[in-house]
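# Inside the fold
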Amino acid sequence: MTQAFREAFRRHPAGVAVITADPGDRPVAMTVSSLISVSAAPPVVAFSLSMKSGSSEPLLRAETMVIHLLRYTDIDLAQLCASSGADRFPAGGPWERLPTGEPRYTGVTTWFRARRLGVLPIEGATLVAAELLEGEAHPEDTAPEDHSLVYLDRRWHRLHKELGGGMFDLVDSSRFL
């Protein structure tokens, strides 16, 4: 069953997000491809944290966080926050603290500050539900598919040329496996 699960989800494309927080001792960040919408009113999302990541435990200690929805132009940030041991918050880097204290990457145009509603521990992972409190989502001048960042088969992709009938091709944009 595990092998079938892995094969199925290798072929299931997902959007890419970065979750940041500061539980009080240092800011942390993690790239996730498990972000889902749960409810629009109130706005609630959920995502999974792998307990293999060193960022999971500090993220779970934080009451609030920032959820960054990434575009193709944010691929370097996705890779940075997916790299073990990387300095995700260098002094003078492209991040700031919100007035409420959470770290936010300034180059990401769609982000939400969120409050943890609950967690569901599962062997090897934790499912987190969070209510969106504030944020920004800037409309693009072009179609969303021109800027989408998708994770599929352990590689980064972006949507590319229209194939007809509203279908789009994926372009492998990986620089990270």
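Scope of this entry: the structure provided in the associated data block. (Residues numbered from 1 in each chain as written. Predicted model: local features only at pLDDT ≥ 70, side-chain atom pairs only at ≥ 80, totals over all residues. Heavy atoms only, no water.)

## Section: unusual backbone geometry
Put simply, the test is: The helix and strand labels rest on DSSP assignments: H or I over at least four residues marks a helix, E over at least two residues marks a strand, and numbering proceeds from the N terminus.
Here the residue pair A41 and P42 is connected by a cis peptide bond, since its omega of 0 degrees sits within 30 degrees of zero. With respect to the element layout, P42 can be found in the loop between β4 (36–40) and β5 (43–50).

## So, a nonpolar patch on the surface
For the record, the criterion: Nonpolar side chains (Val, Leu, Ile, Met, Phe, Trp, Tyr) within 5 Å and like charges within 9 Å form the patches, drawn only from residues with over 30% relative accessible area and no salt bridge. Note on areas: Shrake-Rupley, 1.4 Å probe, and residue coverage restricted to the protein chains presented here. Within this document, salt bridges are pairs made up of a side-chain nitrogen of Lys or Arg and a carboxyl oxygen of Asp or Glu, the two lying within 4 Å of each other.
Together, L120, I122 and L127 make up a nonpolar patch on the protein surface, roughly 260 Å² of accessible area in all. Looking at where I122 falls in the secondary structure, it is placed in strand β9 (residues 110–122).

## Observations concerning the packing of aromatic side chains
Rule in force here: Put simply, two rings from Phe, Tyr or Trp (the six-membered ring, in Trp's case) pair if the centres are within 6.5 Å, and we call them stacked under 30 degrees between planes, edge-to-face over 60, tilted for the rest. Residue burial is assigned from relative accessible area. The probe radius is 1.4 Å, only protein chains are included, and a residue is buried under 20% of its type maximum, exposed over 50%, and partly exposed in between.
Taken as a whole and judged by the stated rule, the model has three aromatic pairs. Ring centres of F89 and W95 lie 5.0 Å apart, and the angle between their planes is 75 degrees; this geometry places the pair in the edge-to-face category. Take F89: its relative accessible area is 12%, and that puts it in the buried class. Look at W95 and you get partly exposed, because its relative accessible area is 22%. Centroid distance F89 to Y105: 5.3 Å. Interplanar angle 10 degrees. Geometry classified as stacked. One end of the pair, F89, is in the loop between α3 (75–82) and β7 (95–97); the other, Y105, is in strand β8 (residues 103–105), with 16 residues separating them in the sequence. Accessibility assignment for this pair places F89 and Y105 in one class, buried.

## Concerning the sheet that holds β4
As a general point, the strands of a sheet are linked pairwise by backbone hydrogen bonds and lie either parallel or antiparallel. Rule in force here: When DSSP finds two or more bridges between a pair of strands, those strands are recorded as paired. Axes, fitted as lines to C-alpha atoms, cover a helix only where it is in contact. Angles between the N-to-C directions of the axes lie from 0 to 180 degrees.
An order of β3-β2-β6-β9-β10-β5-β4 is seen for the seven strands of this open sheet, with the pairing classed as antiparallel. Bordering the open sheet on either side are β3 (28–32) and β4, each of which pairs with just one other strand. Averaged over all pairs of adjacent strands, the angle between strand axes in this sheet comes to 30 degrees, irrespective of strand direction. Inspection of the sheet shows β5 paired to strand β10 (residues 125–137) by seven bridges, in the antiparallel sense.

## Section: the side chain of D74
Rules: Should any heavy atoms of two residues lie within 4.5 Å, those residues are considered in contact.
Structurally, D74 can be placed in the loop between β6 (64–69) and α3. Relative accessible area serves as the criterion here: at 8%, D74 is assigned to the buried category. Among residues more than four places away in sequence, those in contact with D74 are L69, G107 and V108.

## A short note on the nonpolar core
Applied cut-off: Joining through side-chain atoms within 4.5 Å is the link that ties buried Ala, Val, Leu, Ile, Met, Phe, Trp, Tyr and Cys residues into a set, and such a set is a nonpolar core.
Core analysis: the largest hydrophobic core is formed by 17 residues, its most contacted members being I19, F47, L49, L59, M65 and I67. Elements supplying a minimum of two residues to this core: β2 (17–21), β3, β5, β6 and β10. Apart from the residues within four sequence positions on either side, I19 is in contact with V28, A29, M30, V32, F47, L59, M65, V66 and I67. Within the second largest apolar cluster, 13 residues are counted, among which are V16, V18, I75 and W156.

## A closer look at the side chain of R104
Among the structural elements, R104 can be located in strand β8. For R104, a relative accessible area of 10% puts it in the buried group.

## Regarding the environment of V45
Among the structural elements, V45 can be located in strand β5. Residues V45 and A114, spaced 69 residues apart in sequence, show a C-alpha to C-alpha distance of 8.9 Å. In contact with V45, not counting residues within four places along its chain, are L35, I36, S37, V38, I67, V128, A129, A130 and L132.

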